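Summary of the model geometry
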Amino acid sequence: VGGTSGDGEALAVPAAVRIVDLDAPLTDVGLPARPGPPYRSLVAVARMGGEPLGAATISVDALGWVSREQLAAGLYSELDGQLPPHGIPGRTHRRPKKRSRRHSLSVVVTTRANPVGLERCLRSIIDCDDDSLEIIVVENKPGFAPTRHLLVERFEAIPGLRYVEESRRGLSHARNAGLAVAEGDIVAFTNDDIVVDPGWLGRSAKAIERSDDVACVAGLILPLEVETDADLRLERFAGLCWGLRRRTYRLEDGADLPPSLPHTRCAARSGANTTVRADVARELGWFDVSLGAGTVVGRGEDLDLYIRLLRDGHAVAYEPSAIVWRAQSDAKPHVRRHAYRCGIGVGAVRAKHKLASRPRVVLPSGTPGGVRRLERLGTLLGPAAYLVSRIAARGRARWLGRPAGRLDARRTPVELMLLGGEKAIEVVSFRDGEVARPPRAPGWHRREPAVGRRAAPVPTVAARAAAPWGAAPMLMLIAAIGVALVAVGDALARSGTGDGRMLFWAGVMTVVLPIAYRLASEDVQRGERVVLLTVFGLALYCVKFLRDPFAFTYADELVHVANVNAILQTGHLLTPNSILPVTPLYPGLESATAALASLAGLSPFAAGIVIVGVGRVLLTLGFFLFVETLTGSTRTGGIAALMYAAAPNYIFFTGQYSYESLALALAIVTVFVLARWMRASGSADSSGWSIVIVLVTAATVVTHHMTTYALVAFLLAVSVLTAVLPGVRSRAAPWLITGAAVSLTALWLLTVARRTDDYLAPIIKGAIAATSDTLSGEAATRVLFRPSAGPPAPVWEHGVAIGSVVVLMLVMPFGLWTVWSRFRTSPMVVALAAAGVLYGATLPLRLVPGAWETASRASEFLFVGVAVVVALAGVERLATSRMPRLGRWAIAGFAGIIISGGIVAGSPSESRLAPTYRIVSDDGAVDPESVTAAGWVGSNLGHGNRFAAEPSDARLLQSYGRQLAIAGVYPDVQDILHARRFEPWMPRLLRDARIRYVSVDSRRISANPGLYAFSPPSSWTAALFPGSVVGKFDRDGRADRLFDSGHVVIYDIRAMTHD
Amino acid sequence: MTDRRNDLLAVALWAATAAALLQFDSLPEGLRLVAGLSLVLALPGYALSYVVLGTRVLGPVERTVVTVALALTVSILGTLLLDLLSLNLSSRTWSLLLAGTTVVACAIARRAQTDVPRERSTRRAPRPRDVAAVGVAVAITWSAVVLARTPLRPPNGVTGYTQLWALPVAGGVEFGVASHELGPVRYRLEVGADEHATRRWVRLRLSPREQWTWLVPGVSFSPSNVVTARLYRADRPHSPYRYVRLRVSPRGPASTAHRSRRTP
């Protein structure tokens, strides 16, 4: 590779590059699997006593394996003359000597919005095992929160870790900022795309201490792997090492440059492995800010420093045992561009130093002529580029009244920035050449006042002393008042003594607005946000619970509680459910509920309330953690989790006891863990996260079909986006996880839930057909705000619902712009943005009679994207707002509007408040008629009888009576129940369906008539079936009329069907 | 500094104890609730989180979310496994599954970890007014729940109802009346054959949620073996309020013995 492996003709790509320490016995080398084609060769760099001897290229078998014998043979053939006479291995392993303590050491790691690479780099530096090491991370993109998050979350315990932000773009500015802050006598520079060898620092320091005139040491830079032919060409052209022989360069009298200094390679970012004496570098004038990455020149700052050092009488050493590894960048290497840029760098340095001789350019044999010509063109243009860059730098310095690039911040104050009040980082911020207050990234706040550098090692205790819980207790109290208002509204509705709707809205807004305002605030600790979100989630869950505090009343709830009863009764899963046959095939919710009911001694209702409540908390906190992980901002996470409450189904539908309520929470936790996995990809953490993902995904798969499909779709989208988005590390693509999720889904569908398609296909086909009919004008559009039962919504609710959609659509573009400008390299954020856009596209479906419900159900998933996008928009606007308080109120108001709109769109006006379920009597309370009828059936007729009934009664017979009740038209019991007289086919059908009992309900109301105390509203017409309909079984005479409670009559029809 | 391995040991002991306690049917409700909640919602997930994620930097919020999600996952997938193995799903099998998972996971996690210190908590005691605010909030929420669960007087127009039934039982017929009216009601129940003939009748007065049953053994009222019962309210004595009709098998001579039972 580069100068070590000769011509490299035997090198077949992809190739891995590894150090082989000959101090220890040789072992087999197993190369890890890699995305794409497997490794074909291994470049083994032999090292003995820490000194690299040379490199050998060895073929790799199909499994990525190189045996010890192959390794020895390869090394012998390539390095025969340099190996010790007693062969390989022949030496006892020696522990590296500890570095002498003559000088203190600082490492400056420059980075620009690359936390993944930075983490890898920092971990390798920490492995250098130098207790007194000072590590300075310089972020050249101030306010880029993920870097701060990375440092406080993963490296908080590392002593000597410091964080610097430099606002002026450019590698030289960043290195100068690090140099300004560094306290060490010796400062080593490296970049975030570097992984250092454990002996790097020790050997660099040792080299600089070897002679007093050595002021700078450059080390060996090796690639971690050579992936493609383009990589190989790049390495041949610009391999960043200067050979394997230790050298010391000094300037001879009258010479421009040391004759052997390889200039081209100096101008190719060898500064990533450069160590200098700090005082010399400062006195000499720092790095030239007109050169280096981020300037017009783009290269040459390292070569410039070497030349200045040499001309100042110092020596520059090359130490090949000081090894660092350069990770391949995601961008494909372009040899031609690289050659051109190097040429510019060399030309600029030549112009600056007025070098008489043209710098010696080292190009390997076989370099294409075009590349050579580009390099020469760059050399010619270099002076002009330097001139432009210098004018720009000087102009800026003159504007600011300060010399460019010269500062000394060793005694300047720092700020302590707190992340959520739990973790802190010491920040030095340079803005326009002087120390400034660091910008506060979203979710961070500063500790005031910051006095002196390293002022307080543990700042969090003092910062939280005044109010350790923040405003959470007071907001909890306000939320409780909101809940109480809703309860009073429900009480008014149940008793019919007043209109509880205003109290309902007042209660909901009392919960939403203060918490939204607080979450929008910057100066809120992370723990407080977590508490507030938990309170928020539970308070809105209470709104649903207070509506139905006695029993489950929603249609789906009754189906699922019947499944729980079946599990508890039979001791097994998958007991058929005649009302909704698909539900027993997804027994996740019922399994957890039955286990809790059985173990904790709770009723299925109480256990279900607990499980769904826990799911609601998981959903809220999982959402928060998910967005926080993606954006690095606790504030964005908090606002996004709050905004999700504006999903039309949030309060009532996903708060009900139904399988998607739990599955949605599990899916959100899954994507949160996936985000953590992607962040930790390649590290030791990733395998653990991937196990969690697979386990929770499996639980989701057996809990709900549509949530599983949505989750798989999201995983697929993220995988594809990771592969295709530019600037994304393709290794982080979750293909294996996606494959596992798809496999689990397919396995479940093929083995257990084969009937899922029978359930979903008609719904989806119906939605498509209805959309087509509406578009073609064959069907009328749906009238909004007019429920199938009950009065239409008040006019003001129309305005709120439409207004919420309008403001949502107005804000979305801002969020999408933020996604584009800041997160377009984040596959998950891009996928979420796409989901948000898709949500907007589904809104017209609400005008289609046969498709609106499908669109409504899809909103549960698509609104995740909407919440993230609008949260990004809000936080971005707040960050630049000159009136933050007003901005926070604007966010709170926005949240209030869209959550109100979601409630209006998701639940009819009449169904939000409590119905008359249980009413008081003189001597106790009375339950609804159909409920007690179902209970009577369960107590007196035994369990598992086959019933024909109206849909709502059938659900009650299933859940309360534990019967196998059949409703609807498959088989067509509905027509039998609604017919005025018996037809000959009816007994046959009842016999074929093995119906033993019939429950006849005289009330003709579509929505759960049996669940509530009956009081036909005057506005409803024909509330009861005619006597001819309900009396036909009596007229027939063969049915036994067993039970009569007024509206509900139960017949035993065995005689009728067997005659 | 405390060793986090001790936490795992404590969790394993807690799970084992909870499982053992749950085998007793007479376990007090409070203990059963705590044991059940911890086994289903926490302990297996906590132990598993240390098996799969080790002691890596994981904040308390993240740990809590992962713990609960994994605990639910264990409940869901474990129940599925028990069913696949054709084991009966009961409190015994569930408690053994969840406690067993917890204990095994704790053992694995403890083996994988050595000397993992737990950070000393820097949390400070909350201010009295914060505690008071939280306490008042809990009280208000509790009051809201109590209000919601308190039956109220129904809106105008809502009335109660009464159930009447007739069930064939061994050697006779059981008639039953259950009142779900809003106040005490007086009834008259007439039992007869076919559609008209009245053989027996009885007067009743039932309070709300009170039930009365009447077992009439060896009934044979008519050649057609059809038994009818009509329930009249005292305030509407000429209009049947409820009506049932049942065909019975002939059982020889009718007995005059009958037995009635009143339950609250």
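Nothing here was measured: the structure is a model prediction, and the numbers come from that model.

When you go through chain B residue by residue, the secondary structure sums to six helices and ten strands. In chain B, the proportion of contacts linking residues at least 24 apart, taken out of those at least 6 apart, comes to 63%. Entry remark: accessible area of chain B is about 13,200 Å², with carbon and sulfur atoms responsible for 58%.

So, about the overall build of chain A. Within chain A one finds 35 helices and 26 strands. Going through the 1059 residues of chain A one by one, you find that 61% of them count as buried. Taking contacts inside chain A between residues at least 6 apart in sequence as the whole, the part at least 24 apart equals 75%. Looking at chain A as shown, the accessible area adds up to about 39,000 Å², and 58% of this sits on carbon and sulfur atoms.

To continue, consider the packing of helix α18 (residues 604-631) of chain A against helix α4 (residues 60-84) of chain B. Describing two packed helices takes the angle between their axes plus the distance from one axis to the other. At their nearest, the axes of α18(A) and α4(B) sit 10 Å apart, and the two run at 135° to each other. It follows that α18(A) is oblique to α4(B) by the angle criterion. Note on packing geometry: the crossing formed by α18(A) with α4(B) is left-handed. Along its contact with α18(A), which presents A:I611, A:V614, A:L618, A:L621, A:L625 and A:E628, the element α4(B) presents B:V61, B:E62, B:V65, B:V68, B:A69 and B:L72. Per-class residue counts for the contact of α18(A) with α4(B) are ten nonpolar, no polar and two charged.

Moving on, we come to the interface of chain A and chain B. Facing the 104 residues of chain A at the interface are 86 residues of chain B. Counting each side, the surface lost to burial between chain A and chain B is near 8,100 Å², with a carbon and sulfur contribution of 69%. Scanning the region where chain A abuts chain B turns up three salt bridges. B:R247 is the partner of A:D1040 in a salt bridge, and the nearest nitrogen-oxygen pair spans 3.8 Å.

Right, let's talk about the side chain of A:R946 for a bit. Residue and element names in this part refer to chain A. Mapping R946 onto the fold places it in strand β22 (residues 946-948). Among buried Asp, Glu, Lys and Arg side chains, R946 stands out as unpaired, with D992 the closest opposite charge at 11 Å. Of the polar contacts made by the side chain of R946, one reaches the backbone oxygen of A993; its length is 2.8 Å.

The next point concerns the pattern of salt bridges. All names here are of chain A. Enumeration according to the criterion identifies 32 salt bridges over all chains in this entry. Where R1041 meets D1034, a salt bridge forms, and the shortest distance between an N and an O atom there is 2.6 Å. Residues joined in a network through salt bridges with shared partners are D288, D304, R308 and K352.

Residues and elements named next belong to chain A. Applying the stated criterion across every chain, the model contains eleven cavities of 30 Å³ or more. Lining the largest cavity are N563, A566, I567, H572, L573, L574, T575, P584, P587 and E590. Ranked by residues supplied to the lining of the largest cavity, first place goes to helix α16 (residues 555-570) with three residues. Partitioning the lining of the largest cavity into residue classes produces six nonpolar, three polar and one charged.

Right, let's get into unusual backbone geometry. The backbone phi angle of A:A113 is positive, close to 55°, even though this residue is not glycine. The topology assignment puts A:A113 in the loop between β6 (105-111) and α2 (115-126). Even without being glycine, B:R209 reaches a positive phi, approximately 70°. Position of B:R209 relative to the elements: it lies in the loop between β6 (197-206) and β7 (211-217).

Right, let's talk about a negative patch on the surface for a bit. All names here are of chain A. A cluster of like negative charges, contributed by D185, D279, E283 and D312, occupies part of the molecular surface. Mapped onto the elements of the fold, D279 is located in helix α8 (residues 278-284). Given a relative accessible area of 43%, D279 falls into the partly exposed group.

Before going further, it helps to examine the confidence of the model for chain A. All names here are of chain A. Confidence in the prediction of chain A, expressed as mean pLDDT, is 81, and 80% of residues score 70 or more. Summarising per-element confidence for chain A, the mean pLDDT is lowest in helix α12 (residues 459-465) (36) and highest in helix α17 (residues 588-600) (96). The low-confidence segment residues 408-413 (pLDDT under 50) makes 18 contacts with residues lying over four places distant or belonging to another chain.

Regular strands place their side chains on alternate faces of the sheet. Residues and elements named next belong to chain A. The buried count for strand β7 (residues 134-139) comes to six of six residues, which makes it a mostly enclosed element. Judged by which residues are buried, β7 turns out to be covered on both faces: E134, I136 and V138 on one side and I135, V137 and E139 on the other are all buried. Sheet topology note: the β6/β7 ladder contains six bridges and is parallel. Considered in β7, the bridge of T110 is made with V138. Note that β7 and strand β8 (residues 161-166) share five bridges and pair parallel. The residue bridging V138 from the neighbouring strand is V164, located in β8.

What follows deals with the nonpolar core. Of all hydrophobic cores here, the largest spans 242 residues; its most connected members are A:F623, A:F626, A:Y644, B:F175 and B:L189. What A:F626 contacts, discounting residues up to four positions off in sequence, is A:V671, A:F672, A:A675, A:F714, A:M828 and A:L832.

This part is about the sheet that holds strand β3 (residues 41-48) of chain A. Residues and elements named next belong to chain A. Strand order in the open sheet formed by four strands is β4-β3-β1-β12, with mixed pairing between adjacent strands. Each edge of the open sheet carries a strand with a single partner, namely β4 (51-59) and β12 (225-226). The pairing of strand β1 (residues 15-21) with β12 spans two bridges and is classified as antiparallel. Considered in β12, the bridge of A15 is made with V226.

The next thing to look at is a nonpolar patch on the surface. All names here are of chain A. Side chains of L716, V720, V724, W735 and V742 sit close together on the surface and give an oily, nonpolar patch of about 420 Å² of accessible area. Elements with a contribution of two residues or more to the nonpolar patch: α22 (705-724) and α23 (735-751). The element that contributes the greatest number of residues to the nonpolar patch is α22, accounting for three residues. Within the secondary structure layout, V724 lies in helix α22.

With that settled, consider the side chain of A:D192. Residues and elements named next belong to chain A. Structurally, the position occupied by D192 is in the loop between β9 (186-191) and β10 (194-196). Put simply, D192 is tucked away with no salt bridge, and the nearest opposite charge, on R120, sits 7.6 Å away. Looking at D192, its side chain comes within polar contact range of the side chain of T111, at 2.7 Å. Only 3.4 Å separates the side chain of D192 from the backbone nitrogen of R112, close enough to count as a polar contact. In contact with D192, not counting residues within four places along its chain, are V109, T110, T111, R112, N114, G117, L118 and C121.

One rule of thumb: low pLDDT means the predicted coordinates there are not for detailed reading. Residue and element names in this part refer to chain B. In the predicted model, chain B carries a mean pLDDT of 84, and 82% of its residues have values of at least 70. Across residues 252-258, confidence stays below pLDDT 50; counting only partners more than four residues off in sequence or on other chains, it has twelve contacts. Per the prediction output, this complex has pTM 0.67; the corresponding ipTM is 0.89.

Residue and element names in this part refer to chain A. β1 sits mainly inside the fold: five of its seven residues count as buried. Judged from the seven bridges that link them, β1 and β3 form a sheet pairing that is parallel. Bridging from a neighbouring strand, I19 pairs with V45 of β3.

Moving on to the packing of aromatic side chains. A ring pair, where both rings are aromatic, is described by two values, the distance of the centres and the angle of the planes. Residue and element names in this part refer to chain A. Enumeration according to the criterion identifies 22 aromatic pairs over all chains in this entry. When the ring of F189 is compared with that of F287, the centres are 5.0 Å apart and the planes differ by 85°; the resulting orientation is edge-to-face. Taken together, the residues span a long stretch of sequence, with F189 in strand β9 and F287 in the loop between α8 and α9 (301-311) at a distance of 98 residues. With relative accessibility at 1%, the residue F189 sits in the buried group. Taking relative accessible area as the criterion, F287 reaches 5% and is therefore assigned buried. Taken together, a centroid distance of 5.4 Å and an interplanar angle of 80° make the contact between F504 and W505 edge-to-face. The exposure class of F504 is buried, given its relative accessible area of 1%. Through successive ring pairs, a cluster of aromatic residues spans F623, Y644, Y650, Y839 and F863. Sitting above the plane of the F287 ring, R175 keeps its charged end 5.5 Å from the centroid.

So, about helix α29 (residues 929-940) of chain A. Residue and element names in this part refer to chain A. Between its first and last C-alpha atoms α29 spans 16 Å; for twelve residues at 1.5 Å apiece the expected length is 16 Å, and the two agree. By the criterion of burial, α29 is predominantly enclosed, with nine of the twelve residues buried. By the burial criterion, the buried members of α29 are E929, S930, V931, T932, A933, A934, W936, V937 and G938. Two residues or fewer past α29, G942 is found with a positive phi of approximately 80°.

What counts, and at which threshold
Residues numbered from 1 in each chain as written. Chains lettered and ligands numbered in written order. Predicted model: local features only at pLDDT ≥ 70, side-chain atom pairs only at ≥ 80, totals over all residues. Heavy atoms only, no water. Helix = DSSP H or I, 4+ residues; strand = E, 2+ residues; numbered from the N terminus. Contact = heavy atoms within 4.5 Å. Areas by Shrake-Rupley, 256 points an atom, 1.4 Å probe, with all protein chains shown as cover. Buried < 20%, exposed > 50% of the residue type's maximum accessible area, 1.4 Å probe, protein only. Axes fitted to C-alpha atoms, helices over the stretch in contact; angles between N-to-C directions. Parallel < 35°, antiparallel > 145°, perpendicular 65-115°, else oblique. Left-handed = near helix turned anticlockwise from the far one by under 90°. Nonpolar A, V, L, I, M, F, W, Y, C, P; charged D, E, K, R; others polar. Buried area = accessible area lost by both parts, 1.4 Å probe. Salt bridge = Lys/Arg side-chain N within 4 Å of Asp/Glu carboxyl O. Lys, Arg positive; Asp, Glu negative; His and termini not counted. Polar contact = N/O pair within 3.5 Å; in protein donor to acceptor, adjacent residues only side chain to side chain. 1 Å grid on protein atoms, 1.4 Å probe; cavity = no way out; pocket = protein on both sides within 12 Å on 5 of 7 lines; lining within 4 Å. Points joined across faces, edges and corners; volume = space filled by probe spheres on them. Patch = residues over 30% accessible without salt bridge, like charges linked within 9 Å, V, L, I, M, F, W, Y side chains within 5 Å. Charge placed at Lys NZ, Arg CZ, Asp CG, Glu CD. pLDDT = per-residue confidence, 0-100. Pairing = 2+ DSSP bridges. Core = buried A, V, L, I, M, F, W, Y, C linked by side-chain atoms within 4.5 Å. Phe/Tyr/Trp six-rings, centres within 6.5 Å; stacked < 30°, edge-to-face > 60°. Lys NZ or Arg CZ within 6 Å of the ring centre and 35° of its normal. Expected span 1.5 Å × (residues − 1).

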